[in-house]
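# Coordinate analysis (summary)
Single-letter residue listing:
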Amino acid sequence: MAAKILYIEDNPDNMTLVKRAIEAIGHNFIPAETGLKGIDLASEVKPDLILLDINLPDIDGYEIARRLRASDLEHLQYVPIIAITANALKGDAEKALEAGCDVYMSKPINIRELWARVDALLETSGKTDA
Ligand code: MN
């Protein structure tokens, strides 16, 4: 079953790469280039999974995760979130998890790892037959 996957990311190269990777496995891809647009789209389309960059031009990914988890919409309190960031500093993973993300991936994005994590989280939340 095709899932709706929202990616909040300001880097066009990563956006293109991930769009191709997500569409290659049959899911619907929804892009958002800023944090605030991402939060609006999340409320509007109720994605099955959110991929979240941490460094964004307006509000950072930690703040986005916190706002989604504090949403009045129950869907956004529980939607799986994968944090994706270039910050390899120790503590970033913990910070992403504390903010409400389910898992953490480092850039550069490894497509096989991305597919594996997307599959695993969609399966856990009952969105695929796999
Ligand atoms: Mn960024």
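See the structure above.
All of these numbers come straight from a predicted model, not from anything done at the bench.

Parameters at a glance
- Residues numbered from 1 in each chain as written.
- Predicted model: local features only at pLDDT ≥ 70, side-chain atom pairs only at ≥ 80, totals over all residues.
- Heavy atoms only, no water.
- Helix = DSSP H or I, 4+ residues; strand = E, 2+ residues; numbered from the N terminus.
- Rg over C-alpha atoms; globule rule 2.2 N^0.38 Å.
- Buried < 20%, exposed > 50% of the residue type's maximum accessible area, 1.4 Å probe, protein only.
- Contact = heavy atoms within 4.5 Å.
- Areas by Shrake-Rupley, 256 points an atom, 1.4 Å probe, with all protein chains shown as cover.
- Pairing = 2+ DSSP bridges.
- Axes fitted to C-alpha atoms, helices over the stretch in contact; angles between N-to-C directions.
- Polar contact = N/O pair within 3.5 Å; in protein donor to acceptor, adjacent residues only side chain to side chain.
- Parallel < 35°, antiparallel > 145°, perpendicular 65-115°, else oblique.
- Left-handed = near helix turned anticlockwise from the far one by under 90°.
- Core = buried A, V, L, I, M, F, W, Y, C linked by side-chain atoms within 4.5 Å.

Regarding its fold elements, the protein presents six helices and five strands. Helices and strands appear in the protein in the N-to-C order β-α-β-α-β-α-α-β-α-β-α. The C-alpha atoms of the protein give a radius of gyration of 13 Å, which matches the 14 Å a tight globule of 130 residues would have. Taken along the three principal axes of its C-alpha coordinates, the protein extends 35 × 35 × 25 Å. Taken across its 130 residues, the protein has 45% of its residues classed as buried. The contacts of the protein with a sequence gap of at least 6 include a subset with a gap of at least 24, amounting to 62%. Carbon and sulfur atoms make up 51% of the accessible area of the protein, which totals about 6,600 Å².

Once that is clear, we can look at the sheet that holds strand β4 (residues 81-85). Strand order in the open sheet formed by five strands is β2-β1-β3-β4-β5, with parallel pairing between adjacent strands. Edge positions in the sheet fall to β2 (28-32) and β5 (103-106), since each of these pairs with one other strand and no more. Going from strand to strand, the sheet's axes swing by 20° on average, the running direction of each strand aside. Along the sheet face, helix α6 (residues 111-124) touches β1 (4-8), β3 (49-53), β4 and β5 and points at about 170° away from the line of β5.

Tracing the chain through its elements places Asp53 in strand β3. Since its relative accessible area comes to 2%, Asp53 is described here as buried. A distance of 3.1 Å separates the side chain of Asp53 from the side chain of Lys107, its partner in a polar contact. For Asp53, the contacting residues outside a window of four places in its chain are Ile8, Glu9, Asp10, Gly61, Ile84 and Lys107.

Moving on, we get to the packing of helix α1 (residues 12-24) against α6. Between α1 and α6, the shortest axis-to-axis distance is 11 Å and the interhelical angle comes to 50°. The pairing of α1 with α6 is recorded here as oblique in orientation. By crossing handedness, the relation of α1 to α6 is classed as right-handed. Touching Leu17, Val18, Ala21, Ile22 and Ala24 of α1 are Ile111, Leu114, Trp115 and Val118, all from α6.

Let us now look at the nonpolar core. In terms of nonpolar packing, the biggest core is built from 24 residues, with Leu6, Ile8, Ile50, Leu52, Ile64, Leu68 and Cys101 touching the most fellow members. Mapped by element, the contributors of at least two residues to this core are β1, β2, α2 (35-45), β3, α3 (61-69), β4 and α5 (92-99). Tallying contributions element by element places α3 first for this core, with four residues. In this structure Leu52 touches Tyr7, Ile8, Gly61, Ile64, Ala65, Ile81, Ile82, Ala83, Ile84 and Cys101, once residues within four positions along its chain are discounted. Core analysis: the second largest hydrophobic core is formed by 19 residues, Met15, Val18, Leu49 and Ile84 among them.

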